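Take a look at the letters that make up each chain.
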Amino acid sequence: MPNDVIDQCAAKVMETCHFVTQSIGTEMNRRTPTSLSIRQIAALMTIRDQQGSSLSILSENIGCTISSASKLLDGLVERGYVVRATAEHDRRKLMLTLTCEGEEALKVISNSSMLLLKEKLSVFTPNECLMVNLVMDLLHKALSAGLPNSAGKPTETEVCKL
């Protein structure tokens, strides 16, 4: 594939991802009582998805320094969303887990986000929705290549083709 086509595709993905994140984040701050930033939500999701994760894993996943992740984590602990404990096997390592309040906050955010997206995407025809699903599957496949846990489970579109 010509480089200019790949360049345009990469630029469009970057532009669209940034726009989606910003527009959903802004709208979610208006709709949900949690008033969490996108980075805080990403931190909660990382901790949920990787139970017992460390501060370094958290900083890597949310794209910031360990110092910034530590400050962000302090706020989540203060709000009662996260518990920070010492790992039994290595007392130098932190283990992060969500509290019931943290789980509930993510549930509220997830439900509200889903409703918001359904509202926004309701302008699409069924065929356009299928195209968006296909593009999302392709994007997920390309971005997850080589990552841990990226193999195995087929996407919904791949299942439909079977």
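Residues numbered from 1 in each chain as written. Predicted model: local features only at pLDDT ≥ 70, side-chain atom pairs only at ≥ 80, totals over all residues. Heavy atoms only, no water.

Chemist: Explain the overall build of the protein residue by residue, including any values.
Modeler: What the protein contains, in helices and strands, is 7 helices and 2 strands. Scanning the protein from its N terminus toward the C terminus, one meets helices and strands in the order α-α-α-α-β-β-α-α-α. Evaluated residue by residue, the protein yields a buried proportion of 26% over its 162 residues. Sequence-distant contacts, at least 24 apart, represent 49% of the contacts inside the protein between residues at least 6 apart. Approximately 11,500 Å² of the protein is accessible, and the part contributed by carbon and sulfur atoms is 60%. (Helix = DSSP H or I, 4+ residues; strand = E, 2+ residues; numbered from the N terminus. Buried < 20%, exposed > 50% of the residue type's maximum accessible area, 1.4 Å probe, protein only. Contact = heavy atoms within 4.5 Å. Areas by Shrake-Rupley, 256 points an atom, 1.4 Å probe, with all protein chains shown as cover.)

Chemist: So what's going on with the side chain of Ser 54? Residues and values would help.
Modeler: Looking at where Ser 54 falls in the secondary structure, it is placed in the loop between α2 (38-49) and α3 (55-62). Polar side-chain contacts of Ser 54 include one of 3.0 Å to the side chain of Ser 56. In contact with Ser 54, other than residues within four places in its own chain, are Lys 93, Leu 94 and Leu 96. (Polar contact = N/O pair within 3.5 Å; in protein donor to acceptor, adjacent residues only side chain to side chain.)

Chemist: Residues and numbers for the packing of α2 against α3, please.
Modeler: One can describe the packing of α2 onto α3 by two numbers: an axis separation of 9 Å at closest approach and a directional angle of 130°. Judged on the interaxial angle alone, α3 and α2 are oblique. The hand of the α2/α3 crossing is right-handed. Contacts between α2 and α3 involve Arg 39, Ala 42, Ala 43, Thr 46 and Ile 47 from the first element and Leu 58, Asn 61 and Ile 62 from the second. Within the contact of α2 with α3, the residues separate by chemical class into 5 nonpolar, 2 polar and 1 charged. (Axes fitted to C-alpha atoms, helices over the stretch in contact; angles between N-to-C directions. Parallel < 35°, antiparallel > 145°, perpendicular 65-115°, else oblique. Left-handed = near helix turned anticlockwise from the far one by under 90°. Nonpolar A, V, L, I, M, F, W, Y, C, P; charged D, E, K, R; others polar.)

Chemist: Give a detailed account of helix α5 (residues 100-121), specifying residues and quantitative values.
Modeler: Taking 1.5 Å as the rise per residue, α5 with 22 residues should run 32 Å; its terminal C-alpha atoms sit 31 Å apart, in good agreement. Within α5, burial applies to Gly 102, Ala 105, Leu 106, Ile 109, Ser 112, Ser 113 and Leu 116. Looking down the long axis of α5, one finds its buried residues gathered within 140° of arc, a one-sided arrangement. For α5, exposure combined with an orientation more than 90 degrees from the buried face picks out Cys 100, Leu 115 and Lys 118. The secondary structure elements touched by the buried residues of α5 are α1 (3-31), α2 and β2 (94-98). (Expected span 1.5 Å × (residues − 1). Arc of directions from axis to C-beta.)

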